[in-house]
Amino acid sequence: MKSHLLKVPQGPSQSFSVRRDLVPHINNLWHYHKEVELIHFKAGEGTQFVGDNVRRFKSADAVLVGRNLPHYRRFDDSFFEANTIKQTDTSVCHFTEDFWGSPFLQLPENQVLKLVLEKAKWDYK
């Protein structure tokens, strides 16, 4: 399946973006973007597809998606029923690996963070 390049909206004076999604159908599309994505599922459960990995997510989970890594999340069908009282609550942060400046990742204390970001990225072609 072909993934779609998603342009993450950011203003001219922004180095990262944060949003809160309260509906289950946001970004129900196999996509990728140049930014790293950090997702926190405060409420809701379903299935996430990240690269070639498929697994369940639930409330309180956090997921880090590397740059250019195709991904998609699908909340369970029960969240789409018209008379449901189930709520979703997801916080999503998009940022480039160097938004805090390149010296930040060179600090000795941040070598683990640098390694995590390096392992998370994928050169999608």
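From a predicted model like this one, the values you see are computed outputs, not experimental measurements.

**Let's talk about a nonpolar patch on the surface**
Taken together, the side chains of L38, L64, V112 and V116 define a hydrophobic patch exposed on the protein surface, amounting to about 320 Å² of accessible area. Structurally, V116 can be placed in helix α2 (residues 111-120).

**Considerations on the sheet that holds strand β4 (residues 36-43)**
Strand order in the open sheet made by the four strands is β2-β9-β4-β7, with antiparallel pairing throughout. Both edges of this open sheet fall to β2 (16-21) and β7 (62-65), since each of them pairs with a single strand only. Across this sheet, the average inter-strand angle for adjacent strands is 15°, counted without regard to direction. As paired elements, β2 and strand β9 (residues 89-95) share six bridges and run antiparallel to each other. Residue S17 lies in a different strand from β9, and its bridge partner there is H94.

**Topic: the environment of F75**
With respect to the element layout, F75 can be found in strand β8 (residues 71-75). Residue F75 is classed as buried on the basis of its relative accessible area of 2%. For the pair F75 and G44, spaced 31 residues apart in sequence, the C-alpha to C-alpha distance is 6.9 Å. In this structure F75 touches P24, F41, A43, G44, E45, G46, F57, F80, T88 and T90, once residues within four positions along its chain are discounted.

**So, the environment of D89**
Its location among the elements puts D89 in strand β9. By relative accessible area, D89 is classed as buried at 9%. In this structure, the C-alpha to C-alpha distance between D89 and A62, residues 27 residues apart in sequence, is 12 Å. Apart from the residues within four sequence positions on either side, D89 is in contact with R20, D21, L22, H40, F41, K42 and A43.

Definitions and cut-offs
Sequence order sets the numbering: in each chain, residues are counted from 1 along the sequence as written. Given that the model is predicted, a residue must reach a pLDDT of at least 70 before its local features are reported, and side-chain atom pairs must reach 80 or more before they are shown or counted; all residues, however, enter totals for whole chains, interfaces and linings. With hydrogens and water set aside, each side-chain value is computed from the structure's full complement of heavy atoms. Each patch is built from residues lacking any salt bridge and having more than 30% relative accessible area; the joining distance is 9 Å for like charges and 5 Å for nonpolar side chains (Val, Leu, Ile, Met, Phe, Trp, Tyr). Surface exposure here means Shrake-Rupley accessible area, sampled with a 1.4 Å probe, where a residue is shielded only by the protein chains that are shown. Throughout this description, the term salt bridge denotes a Lys or Arg side-chain nitrogen within 4 Å of a carboxyl oxygen of Asp or Glu. A run of H or I in DSSP counts as a helix once it spans at least four residues, and a run of E counts as a strand once it spans at least two, with each numbered from the N terminus. By the convention used here, strands pair only if DSSP detects at least 2 bridges between them. Axes, fitted as lines to C-alpha atoms, cover a helix only where it is in contact. Angles between the N-to-C directions of the axes lie from 0 to 180 degrees. Only protein chains enter the accessibility calculation, which uses a 1.4 Å probe; a residue is then buried when its area is under 20% of its type maximum, exposed when over 50%, and partly exposed in between. Whether two residues touch is decided by their heavy atoms; if any such pair falls within 4.5 Å, the residues are in contact.

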